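Topology and contacts: notes
These are the residues of each chain, in order.
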Amino acid sequence: MKAINWNDVGELDKLFWDQNVRQFWVDEEIPLSNDKLVWDKKLNPDEKTAYQKVLGGLTFLDTQQASLGMPLVALHVNNPYAKSVLNFMGMMEHMHAKSYSSIFMTLCSTEEINDLFGWVDRDKFLAEKTELIVSYYKSINDEKSLYLAMVCSVMLETFLFYSGFFYPLYLAGKGMMVNSGEIINLIIRDESIHGVYVGLQAQELFGTFSPSLQSQMANQAQAVFKLLFDLELEYTQSIYDKIGLRESVVNFVKYNANKAFANCGLDLPFSDLKDADINPIVLMGLNTKTKTHDFFSTKGNGYVKAMRVEELTDEDFL
Ligand code: MN3
Ligand code: MN3
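Below, the structure is looked at part by part. Nothing here was measured: the structure is a model prediction, and the numbers come from that model.

Counted under the stated rule, the structure contains 25 aromatic pairs. Geometrically, the ring pair formed by F161 and F165 is tilted, given 5.8 Å between the ring centres and 55° between the ring planes. Within this pair, F161 and its partner F165 are both found in helix α7 (residues 143-173), separated by four residues, close to a single helical turn. Exposure class is identical for F161 and F165. Each is buried. Taken together through their ring pairs, the aromatic side chains of W39, Y51, F161, Y162, F165, F166, Y167, Y170, Y240, F252 and Y255 make up a single cluster. Above the face of the Y235 ring, K129 is positioned so that its terminal group lies 3.7 Å from the ring centre.

Below, the structure is given as structure tokens:
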């Protein structure tokens, strides 16, 4: 047991600690009530169901990432600064999970909310993908299993969340449900640095492995990904078929799967996918630079309590 000495912190851990603290936000500071009118007047029952389900699914995934993913990975890394950063990130996962409830409480009755959480408990695709990820978190006992748990964490944060983020981004891109969209953008900004940071931790560990172990671990990462991707296709179909968006969502999920592999420094699974294959409305919802909101530096246009922030640039992640 040693005391953490922040006088000795490495540049990367300091950068990520600072950025996490700077982009800290609280769901209660985002006003949501303006979405209620759009919800009541503009969305049909199928669209409302899809919206509730994607946010319900995200709530479930964030709850596991908060309670198990981040704490278990943090417990097993040696670097004390990485433990601090990972636990800060874990706390934000709780904020994310809570913020979905803030959206539900603005839009839905208690009965509707209870029905939705009942669906979350019963959905088999959601259960299967989450159980797969969590099984890696719970079986960390050496560096190989720690590496795979980190890869799963990046898969969850940079790839699996995006079938859920698609719909709120799509609606926000069309100027609908923009307050909730603001919360989704704040969550995406967090997930973005989580995926990059955990991916860098994974790459560092990978670098300590022998070449044969490296290829073995890369193959295992591909194998887990294949299972997750198949489940994701079924989950996406079950939610998006009814509102005619399945194909767009699948492309968006592939796009983010590539990002997850890039974060881990592994070969991209869909290397021929182009930005042009992504639904432009979703990119508009995602591209927060078109608003007064800068992805990495501010809290977004709906955020009331501003803090002094510094910009992160792409170079910070090289
Ligand atoms: Mn989260
Ligand atoms: Mn996260």
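Donor atoms from the polypeptide that bind the manganese ion (ligand 2) are E93 (OE), E157 (OE), E157 (OE), E191 (OE) and H194 (ND1), placed at 1.8 to 2.8 Å. Read from N- to C-terminus, the donor residues coordinating the manganese ion (ligand 2) fall into the pattern E-x63-E-x33-E-x2-H. Taken as an interatomic distance, the gap from the manganese ion (ligand 2) to the manganese ion (ligand 1) is 3.5 Å; E93 donates to each of them. Note that E93 is positioned in helix α4 (residues 80-107) and E191 in helix α8 (residues 178-207), a separation of 98 residues in sequence.

Glancing now at the nonpolar core. The biggest cluster of nonpolar side chains holds 105 residues, and the ones touching the most others in it are Y147, F159, F165 and Y167. Looking at which element gives the most residues to this core, the answer is α7, with 20 residues.

Let's shift gears to the coordination of the manganese ion (ligand 1). Here the manganese ion (ligand 1) is held by D62 (OD), E93 (OE), H96 (ND1) and E191 (OE), and the distances to it run 1.9 to 2.2 Å. Each donor residue of the manganese ion (ligand 1) lies on one chain, and together they are spaced D-x30-E-x2-H-x94-E.

This part takes up the environment of P280. By the secondary structure assignment, P280 is in helix α11 (residues 280-286). Between the alpha carbons of P280 and N256 there is a distance of 15 Å; along the sequence they are 24 residues apart.

With that settled, the discussion passes to the packing of helix α3 (residues 45-76) against α4. Between α3 and α4, the least distance of the axes is 8 Å, while the angle of their chain directions is 160°. The pairing of α3 with α4 is recorded here as roughly antiparallel in orientation. Here α3 and α4 pass one another in a crossing that is left-handed. Partitioning the contact of α3 with α4 into residue classes produces 16 nonpolar, eleven polar and three charged.

As a further point, take unusual backbone geometry. Within the chain, M177 stands out as a residue other than glycine whose phi angle is a positive 55°. Summarising the element assignment, M177 is placed in the loop between α7 and α8. By relative accessible area, M177 is classed as buried at 0%.

Conventions used here
- Residues numbered from 1 in each chain as written.
- Chains lettered and ligands numbered in written order.
- Predicted model: local features only at pLDDT ≥ 70, side-chain atom pairs only at ≥ 80, totals over all residues.
- Heavy atoms only, no water.
- Phe/Tyr/Trp six-rings, centres within 6.5 Å; stacked < 30°, edge-to-face > 60°.
- Helix = DSSP H or I, 4+ residues; strand = E, 2+ residues; numbered from the N terminus.
- Buried < 20%, exposed > 50% of the residue type's maximum accessible area, 1.4 Å probe, protein only.
- Lys NZ or Arg CZ within 6 Å of the ring centre and 35° of its normal.
- Donors = N, O, S within 2.8 Å, 3.2 Å for Na, K, Ca; no water.
- Core = buried A, V, L, I, M, F, W, Y, C linked by side-chain atoms within 4.5 Å.
- Axes fitted to C-alpha atoms, helices over the stretch in contact; angles between N-to-C directions.
- Parallel < 35°, antiparallel > 145°, perpendicular 65-115°, else oblique.
- Left-handed = near helix turned anticlockwise from the far one by under 90°.
- Nonpolar A, V, L, I, M, F, W, Y, C, P; charged D, E, K, R; others polar.

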